[in-house]
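# Coordinates in review
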Amino acid sequence: MNITKSLSTVLGLIIMVATPALSAPAANSTTGPTDRQIAAIVVAANTAEIAAGQCAENTSEDKNVKRFAHQMIKEHKSVNKATLDLISKLKMKAEKNDTSRALDKDGKANLAALKKLTGHAFDKAYVEQEVTGHQAVLDEIDKSLLPNVSNGELRTLLQQTRPAVAAHLEHAQKLAATM
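To start, this report covers the structure provided alongside it. (Residues numbered from 1 in each chain as written. Predicted model: local features only at pLDDT ≥ 70, side-chain atom pairs only at ≥ 80, totals over all residues. Heavy atoms only, no water.)

## Quick word on the overall build of the protein chain
When helices and strands are counted, the protein chain shows seven helices and zero strands. Seen in sequence order, the protein chain has helices and strands lined up from the N terminus as α-α-α-α-α-α-α. Counting over 179 residues, the protein chain shows a buried share of 46%. The long-range share in the protein chain, meaning contacts at least 24 apart out of those at least 6 apart in sequence, stands at 81%. (Helix = DSSP H or I, 4+ residues; strand = E, 2+ residues; numbered from the N terminus. Buried < 20%, exposed > 50% of the residue type's maximum accessible area, 1.4 Å probe, protein only. Contact = heavy atoms within 4.5 Å.)

What follows is the structure in structure tokens.
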């Protein structure tokens, strides 16, 4: 994503913080992420979404933003539970990697930036971050995770999750258009 000098607002900073993690390679750039690394990426992305959603649910005064945040919390918790249950079932240990670590770090930075905002500025920053973040996750699923996953059950989980990510992106885009 190109961020120009004209985007010096907090929103621009949040977008820059939210997206670099998904542009970094998860593993060796010639082989792509392993299943264990993919599991860690999925958990990290959902954990960051849950934290941002909880912040929005507690901070926003806009009923539509609160409703969207509540949906993000509920659905991302569900995907995290399904991922953790699958990891346990497969006796697989999620392997932290550059992408999962960057997602953790960027999620915390995004949360810190959001906590400095209130009112309409908060709502706009949160929703724009949701648009940017969900687009980045959708791209990561299509370009890295699905092409590299080898376990059939983990592939199925990603394939079942993809339409929800696309729906979240569409919902966030519609919400952003009203702001």
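## Considerations on helix α5 (residues 98-115)
Over its 18 residues, α5 runs 26 Å from end to end, which matches the ideal 26 Å to within 8%, given 1.5 Å per residue. Within the span of α5, buried status applies to T99, S100, A102, L103, D106, G107, N110, L111, A113 and L114. In a view along the axis of α5, the buried residues occupy a sector of 165 degrees, so they form one face of it. Structural note: α5 exposes D98, K105, K108 and K115 on the side pointing more than 90 degrees away from its buried face. Measuring from the side-chain oxygen of the N-cap residue of α5 to the backbone nitrogen of T99 gives 3.0 Å; that N-cap residue is N97. (Expected span 1.5 Å × (residues − 1). Arc of directions from axis to C-beta. Polar contact = N/O pair within 3.5 Å; in protein donor to acceptor, adjacent residues only side chain to side chain.)

## Comments concerning the environment of T132
Looking at the secondary structure, you find T132 in helix α6 (residues 119-148). T132 sits in the buried class, given a relative accessible area of 13%.

## Here we look at the environment of Q160
Within the secondary structure, Q160 is located in helix α7 (residues 152-177). Through-space distance from the C-alpha of Q160 to that of V79 is 9.7 Å; in sequence the pair is 81 residues apart.

## Quick notes on the nonpolar core
Among the nonpolar cores identified, the biggest contains 36 residues, and I38, L114, F122, Y126, L145 and L158 are the most heavily contacted of them. Counting only elements with at least two residues in this core, the list comes to α3 (35-59), α4 (63-89), α5, α6 and α7. When residues in this core are grouped by element, the largest group, nine residues, is from α6. (Core = buried A, V, L, I, M, F, W, Y, C linked by side-chain atoms within 4.5 Å.)

## A word on the packing of α3 against α5
The N-to-C vectors of α3 and α5 enclose an angle of 5 degrees; their axes lie 8 Å apart at closest approach. Taken together, the axes of α3 and α5 are roughly parallel relative to one another. Side by side, α3 and α5 meet where A40, I41, A44, A45, A48, A51, A52 and C55 of the first sit next to T99, S100, L103, D104, G107, N110, L111, L114 and K115 of the second. Its residues assigned to classes, the contact of α3 with α5 shows 11 nonpolar, four polar and two charged. (Axes fitted to C-alpha atoms, helices over the stretch in contact; angles between N-to-C directions. Parallel < 35°, antiparallel > 145°, perpendicular 65-115°, else oblique. Nonpolar A, V, L, I, M, F, W, Y, C, P; charged D, E, K, R; others polar.)

## A short note on the side chain of E130
Topologically, E130 is positioned in helix α6. Despite its burial, E130 pairs with no opposite charge, the nearest such side chain being K115 at 14 Å. In this structure, E130 is in contact with E49, A52, F68, M72 and A172, ignoring residues within four places of it in sequence. (Lys, Arg positive; Asp, Glu negative; His and termini not counted. Salt bridge = Lys/Arg side-chain N within 4 Å of Asp/Glu carboxyl O.)

So far we have only geometry, and geometry alone does not tell us how the molecule works.
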